[in-house]
Amino acid sequence: MAKESPSLSSSMSSVLRAYAAPIFIFVLAMFFQLFLLPRSFPTSHYDVLGVKTYGSVDDVREAYEAIASKWNSDSGDARPADFIKIQYAYELLTNPVWKRDYDLYAIDESLHITEELEKQYAMEDFAKIKTPLLEAVSYGFMAITSQDFASKFQDSKPWLIQLYSSGSNSSAQFSMAWRRIVDLLDGVANHAMVELGDVRLVTYLAEKKTTGQVLFRNGLPSIVAFPPQCKTADCLIRFEGELSTDAVTDWFATTVLELPRVFYHTKETLVPKFLAKVPPNKVRVILFSQTGERATPSVRQAAKDYWNFASLTYVLWREEDASFWWNALEVESAPAMVIMKDPGLKPVVYHGSGNRTWFLDILEQNKQLQLPQLSSTTSMELGCDARGYSRAGFETATWYCAVLVGRQSTELNKMRETMCRVQDALSNHDESDEASKDPSVAPAASAHKNKRLTLAWLDGEVQSKYCFFYVQSETSYDTCGTRKSPIDVPRILIIRYHRNATESANVEKKSSNWPKTVWESEADDVDPAAQLVVSYDGPAETPEIIKWLSKMVEDGDSKNLPFYRAKTPELVPESTEPMRSGVPKSVKATQALLRLWNRIKDYLADPRMGPTLLLGALLSAGSVWLTRSRAIQQPVQTTQQSSTNQSDNNTEEEKKKERKRRNAKGEEAPASITDNEPKDAVQILSSGSDSD
């Protein structure tokens, strides 16, 4: 046997390597067309009955009766599996709603019944199979249509929409859960339902395959949501989880509304994980739950709206812990709501469950600490800002602000508790009572009642510049700035603000066109209200503090004190507690991978993929052939060019040899054939010549 030549073998291997990509694409196209695609298009129910696709109900009945009459005459050849498929197809295609859903959206949610019945009656006679196989359901809600869809989106609220079918058994089972979801979203979002009969609106809202066909990937019902400010289908979000009340509401609150979560704590973790981590300027709200269900969207929305004022948490009520909660917070039973404000104050407890309005009213009433914190956001509101005015109104010329200053410590918490008692005593002071007309209390109580006296506290570490501006003493570092020693000394200051009408008018007249000197500019850059500050040095007792406040108010109102204005340092913004809202990054990555996999499966079920891959194989093969053809023609052209160059070189060498031979004989070649005149040459003039 002759051995294959090495040149032929290398030539075949080079051809295979060159055409490897086209061959691979061709094999992939054949595999897709012959194996993958048929699985995506199983036999339809029309094919089972021998009826053309989308045939009428009458055609279905006629075909079924023909098959039934044939089976009645000869039932020996009938198999239970065939009867189940035919009976199922007949019942599905003769129900108008089921037939519409199957024809338009390829919905066949009861197909699993055929597999169960085939296993049950595998060894039985088909006559023993109970019919009908399917149980028809019919229910309906107030659904919106494509005509009034646009008019619904007038406000900026988010929308939750359910796509359902009036003949769908799964939609009917989800109806009770949907009513509960609607109740939980009351006041937070709008809701609507769309029946599959409105083809135009369903096509606009539903997911679509790569071919443009409507797709319900997870069956019916399908849940979609429009986030706030979203008006088109380009920004809607689809629910892809399990259809339950908890799953849908949590998805809507987290993904669509991006609301913060409200976590549960036990009696062991409540103090270290919640109470100790809440900033001192926020109210603590504890909600006791009897069921342990997740926080509702309305509670999570309230947690977001009141984030700068309050922090919320849940506690699951257990009967074995009842005595503990009664001793700690005086909670008798669940549901209950506990509000904890300033340190040392008794918590406020509300028993029972109310609606959303009741819950929000309680939060609004208790969002502020009893002794408010002086900060960049509250200084104007409290009247403790030399650039602003009194809480009593713009016409008030003199007002006061008593501020407790200190670093976060146990000592500060005790003084805050004392200042709360001072505030309660001033608020409860009754001027109509003869015994209450104590000159040591009346001035401060009257100023507090008329909103000319405000009590507040200041974080001396965060607001260090502001604190050092008012506390100017050798021991100011015990109160203000970063803690440098274990000593913390809270101080009580009273600031008298006074506005002079003449001076205020002069401050406002700064529209001069002439340039100002450096000294004039610095003199004008001051606060409009004059300030005088006095520090309290007495005992930390409520009556003594009240007497001191009354003395300061009385002197400030009666004495002619100097009008001194200065530039007060700005209050720096307090570092707020970070709001963890939305979907975590790990969950987003998982959802992105799931969407990518679903898109790949859609392409694998696209009938256009086979011809597209085949066309790609042909184009790739043609490109390879064209490239190889050019590579083969290039050496031939090079050989021809080299032979031409060789002949030209030979001719040039022959000419050189001829010139050398003539030079050796003494002959020179004429420059041209017309240089030497022949001997027999005669000049002939034409008849039209002008010569004589």
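Since the model is a prediction, treat every value here as computed from it, not as a measurement.

**Description of the packing of aromatic side chains**
Scanning the entire structure with this criterion turns up 23 aromatic pairs. Consider the rings of Phe174 and Trp178, whose centres lie 6.4 Å apart with planes at 45°: the pair is tilted. An angle of 15° between the planes, with centres 5.4 Å apart, marks the rings of Trp399 and Tyr497 as stacked. Of the two residues, Trp399 sits in strand E12 (residues 398-406) while Tyr497 sits in strand E14 (residues 491-498), which places them 98 residues apart along the sequence. In this pair, the class of Trp399 matches that of Tyr497, namely buried. Cluster of aromatic residues (ring-pair linked, three or more members): Phe149, Phe153, Trp159, Tyr204 and Phe226. Over the ring of Phe324 we find Lys267, and its NZ or CZ is 5.5 Å from the ring centre.

**Notes on the pairing of strand E13 (residues 453-459)**
Extensive coverage of E13 is indicated by the burial of 7 of its 7 residues. In E13, alternate side chains face the same way, and those of Leu453, Leu455, Trp457 and Asp459 on one face and Thr454, Ala456 and Leu458 on the other are all buried. Bridge analysis of E12 against E13 gives 7 bridges, and the strand direction is parallel. When the sheet's bridge partners are listed, Tyr400 is paired in E13 with Leu453.

**Quick word on helix H16 (residues 356-365)**
Among all positions in H16, only Phe359, Ile362 and Leu363 are buried. The arc enclosing the buried residues of H16, seen along the axis, measures out at 100°, which places them on a common side.

**Describing helix H2 (residues 20-40)**
With 21 residues, H2 should cover 30 Å at 1.5 Å per step; its first-to-last C-alpha distance of 29 Å lies within 8% of that length. Of all the bends in H2, the largest measures some 40° and sits at Phe32. Buried within H2 we find Pro22, Ala29, Phe32 and Leu37.

**Thoughts on the confidence of the model for the protein chain**
Of all residues in the protein chain, 84% attain a pLDDT of 70 or more, and the chain-wide mean is 85. Ignoring residues within four places in sequence, the model shows residues 518-523, a span with pLDDT below 50, making 1 contact including any to other chains.

**With respect to the pattern of salt bridges**
Following the criterion strictly, the structure yields 23 salt bridges and no others. With a closest N to O distance of 3.9 Å, Glu293 and Arg180 form a salt bridge. Linking Glu293 in the loop between strand E8 (283-289) and helix H14 (297-305) with Arg180 in helix H10 (residues 175-184), this pair joins segments that are 113 residues apart in sequence. Across the pair Arg300 and Asp250 runs a salt bridge, and its minimum N-O distance is 3.1 Å. Residue Arg300 is found in helix H14, and its partner Asp250 is found in helix H12 (residues 245-256); the two are separated by 50 residues along the sequence.

**Some details on the side chain of Ser440**
Considering the arrangement of structural elements, one finds Ser440 in the loop between helix H18 (410-427) and helix H19 (442-449). Excluding residues within four positions of it along the chain, Ser440 makes contact with Ile546, Lys547 and Ser550.

**A word on the sheet that holds strand E15 (residues 530-535)**
Pairing within the open sheet is mixed, and its 4 strands lie in the order E13-E12-E14-E15. In this open sheet, the two strands that pair with only one neighbour each are E13 and E15. Across the sheet, the mean angle separating the axes of adjacent strands is 25° when strand polarity is ignored. Both E14 and E15 contribute to a ladder of 6 bridges, which runs antiparallel. Residue pairing across strands places Arg496 opposite Leu532, the latter belonging to E15. Packed on one face of the sheet, H18 meets E12, E13 and E14 and runs near 170° to E13.

**Topic: the sheet that holds strand E2 (residues 190-195)**
Each strand in a sheet pairs with another by means of backbone hydrogen bonds, the pair being arranged parallel or else antiparallel. On the basis of which strands lie adjacent, the open sheet formed by 4 strands has the order E2-E1-E5-E6 and mixed pairing. Strands with a single pairing partner mark the edges of an open sheet, and in this sheet they are E2 and strand E6 (237-238). Here 5 bridges tie strand E1 (residues 159-164) to strand E5 (residues 222-226), and the two strands are oriented antiparallel to one another. Residue pairing for E5: Leu160 is matched across the bridge by Ala225. Of the strands in this sheet, E1, E5 and E6 are in contact with H12, which crosses E5 at around 30°.

**Here we look at a nonpolar patch on the surface**
Taken together, the side chains of Leu16, Ile23, Phe24, Phe26, Val27, Leu28, Met30, Phe31, Leu34, Phe35, Leu614 and Leu618 present a nonpolar region at the surface, about 1200 Å² in accessible area. Broken down by secondary-structure element, the contributors of at least two residues to the nonpolar patch are H2 and helix H25 (609-665). It is H2 that provides the largest number of residues to the nonpolar patch, a total of 9 residues. The residue Leu16 is located in helix H1 (residues 6-18) in this model. Overall, the relative accessible area of 52% leaves Leu16 in the exposed class.

About the criteria used
Residues numbered from 1 in each chain as written. Predicted model: local features only at pLDDT ≥ 70, side-chain atom pairs only at ≥ 80, totals over all residues. Heavy atoms only, no water. Phe/Tyr/Trp six-rings, centres within 6.5 Å; stacked < 30°, edge-to-face > 60°. Helix = DSSP H or I, 4+ residues; strand = E, 2+ residues; numbered from the N terminus. Buried < 20%, exposed > 50% of the residue type's maximum accessible area, 1.4 Å probe, protein only. Lys NZ or Arg CZ within 6 Å of the ring centre and 35° of its normal. Pairing = 2+ DSSP bridges. Arc of directions from axis to C-beta. Expected span 1.5 Å × (residues − 1). Bend = angle between axes of the 7 residues up to and from the residue. pLDDT = per-residue confidence, 0-100. Contact = heavy atoms within 4.5 Å. Salt bridge = Lys/Arg side-chain N within 4 Å of Asp/Glu carboxyl O. Axes fitted to C-alpha atoms, helices over the stretch in contact; angles between N-to-C directions. Patch = residues over 30% accessible without salt bridge, like charges linked within 9 Å, V, L, I, M, F, W, Y side chains within 5 Å. Areas by Shrake-Rupley, 256 points an atom, 1.4 Å probe, with all protein chains shown as cover.

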